[in-house]
Amino acid sequence: MTQDAVETKLNEDKTLPVNIWAERGIPAISPSVQQRLRQIRGTLLQGFQAAIASDELEAIIPKLNGIEDELRGFAFEGVGMGLTQRDLFAPSKQNRVEAFVAGSGAAYEHFVYVGVGLMLGKPPLPLEPYISQLNPAKIWLVIDGYGFQHGLSHWQKYLDNLAIPEHLSGYALRVFDQGMGRSIWFVDGADVTRIPKTIGAFPVIRQADLWGGIGFVCTYSGGAGRATLEALKTAAGHYQFALIQGSAFAAKSRQRIGSYSAHTELACEVLSGMGTNAVAENINKTLQNLDTNTATPEQEVWQHYRSHLVMPSTIASST
């Protein structure tokens, strides 16, 4: 694929193709779900446009100040996409993603790195050599975004035909599946009758990671009401532990940036039986007893990959 062809494909649509539900034969999506998912998509694109509009990294955040606090994480995923696109097609002496998260984008670095994976997964492009320029401790976030984009943009191959990226192996494949699990929430339109069927078609060894991704996305991104979340918890069956832990790390992610969301509060109440802050504090206590940033995390007991990242309780805002 030529550079022009790749760049054209990158610019066609950054996430959530508007016809995806019809393509998958989903007859009706709840209006509230459609509104929420399109709101997320629009916010992500706003961040992408801010990142490609100027060569000055310091000019990015002022362009995002008007975005609602609970949506800002999605905008920074878009920023990660935009900066990655610029790095790919107009390389500079310093990697723009690393420069941004070392400066004004530090508070939202996890979202920016996920955005890197979203961009690399769109054509898709191989992770190497680009990720060799990035902080090694954040590569799993990139792979999360990479998995999400594969499920979203290439669902026929990766969700319907259960393909596995040839260049990933070991724990990286589990992180990929957690990211791809997040995409199922979008691809299946938060339909709790379809989500278990989509996940159930995968080999058993992959299903916990996919449910962990669902737990994260239904809590952080939201869009579903109480009844839907209750049905989702029931549908997870013996994978509830992964659903609930994924949800807890979504609460942790919001605590980390000081962001409140009614969507997250509701999901925590339904899935964990407590509010967002209590769930996040439980995660903080758990993390004190876990090794972080390990190359080969403990495989015997399932843990969301974010449990192995350094995640302080809160960090200073970048604005």
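This one's a predicted model, so the numbers in the text were calculated from it and none came from an experiment.

### Observations regarding the confidence of the model for the protein chain
On average, residues of the protein chain score 88 in pLDDT, and 87% of them reach the 70 mark or higher. Scored below 50 in pLDDT, residues 1–11 shows 16 contacts in the model against residues more than four places distant or in partner chains. Low pLDDT (under 50) marks residues 312–319, which in the prediction has 20 contacts with non-local residues, meaning those over four places away or in another chain.

### Some details on helix α3 (residues 31–52)
An ideal rise of 1.5 Å per residue puts 32 Å on 22 residues; α3 measures up with 32 Å between its terminal C-alpha atoms. Along α3, the residues that are buried comprise V33, R36, L37, I40, T43, L44, G47, F48, A50 and A51. Buried residues of α3, seen end-on, are gathered within an arc of 170 degrees and therefore sit on one face of the element. Across α3 from its buried face, at more than 90 degrees, point the exposed residues P31 and Q35.

### Let's talk about helix α6 (residues 109–121)
Here α6 spans 19 Å end to end across 13 residues, near enough to the 18 Å set by a 1.5 Å rise per residue. Among the 13 residues of α6, 13 are classified as buried, and the element is accordingly described as predominantly covered.

### Remarks on the nonpolar core
By size, the foremost hydrophobic cluster in this structure holds 100 residues, and its most contacted members are F100, W185 and W211. Examining the composition of this core, we find that nine residues originate from one element, helix α9 (residues 171–187), more than from any other. Every residue in contact with F100, bar those within four places of it in the chain, is listed here: L57, I60, I61, F76, V79, L83, G105, A106 and V112.

### Some points on the environment of G145
Relative to the assigned elements, G145 resides in helix α7 (residues 139–153). Look at G145 and you get buried, because its relative accessible area is 0%. With 31 residues separating them in the primary sequence, G145 and V114 have C-alpha atoms 4.5 Å apart.

### A short note on the packing of helix α13 (residues 240–257) against helix α15 (residues 276–287)
Look at α13 against α15: their axes get within 8 Å of each other, and the N-to-C directions meet at 100 degrees. By the angle between their directions, the pair α13 and α15 is classed as roughly perpendicular. In contact with A248, F249, A251, K252 and Q255 of α13, α15 contributes T276, V279, A280, E281, I283, N284 and L287.

### Quick word on the packing of aromatic side chains
One pass over the full model with this rule turns up 11 aromatic pairs. Ring centres of Y108 and F111 lie 5.9 Å apart, and the angle between their planes is 50 degrees; this geometry places the pair in the tilted category. Residue class for F111 comes out buried when judged on its relative accessible area of 9%. Taken together, the ring pairs connect F74, F76, F100, Y108, F111, F216 and Y220 into an aromatic cluster. Between the NZ or CZ atom of R254 and the centre of the ring of Y220, over which it lies, the distance is 3.7 Å.

### Considering the pattern of salt bridges
This model, assessed by the stated rule, comprises 14 salt bridges. Residue R182 pairs with D144 through a salt bridge whose shortest N-O separation is 2.8 Å. Residue R182 is located in helix α9, and its partner D144 is located in helix α7; the two are separated by 38 residues in the primary sequence. As far as burial versus exposure is concerned, R182 and D144 are alike and both buried. Residue R194 is joined to D188 by a salt bridge in which the shortest nitrogen-to-oxygen separation is 3.8 Å. Using a relative accessible area of 23% as the deciding quantity, one classes R194 as partly exposed. Members of the salt-bridge network, linked through shared partners, are R24, D160, D188 and R194.

Thresholds, definitions, all that
Residues numbered from 1 in each chain as written. Predicted model: local features only at pLDDT ≥ 70, side-chain atom pairs only at ≥ 80, totals over all residues. Heavy atoms only, no water. pLDDT = per-residue confidence, 0-100. Contact = heavy atoms within 4.5 Å. Helix = DSSP H or I, 4+ residues; strand = E, 2+ residues; numbered from the N terminus. Expected span 1.5 Å × (residues − 1). Buried < 20%, exposed > 50% of the residue type's maximum accessible area, 1.4 Å probe, protein only. Arc of directions from axis to C-beta. Core = buried A, V, L, I, M, F, W, Y, C linked by side-chain atoms within 4.5 Å. Axes fitted to C-alpha atoms, helices over the stretch in contact; angles between N-to-C directions. Parallel < 35°, antiparallel > 145°, perpendicular 65-115°, else oblique. Phe/Tyr/Trp six-rings, centres within 6.5 Å; stacked < 30°, edge-to-face > 60°. Lys NZ or Arg CZ within 6 Å of the ring centre and 35° of its normal. Salt bridge = Lys/Arg side-chain N within 4 Å of Asp/Glu carboxyl O.

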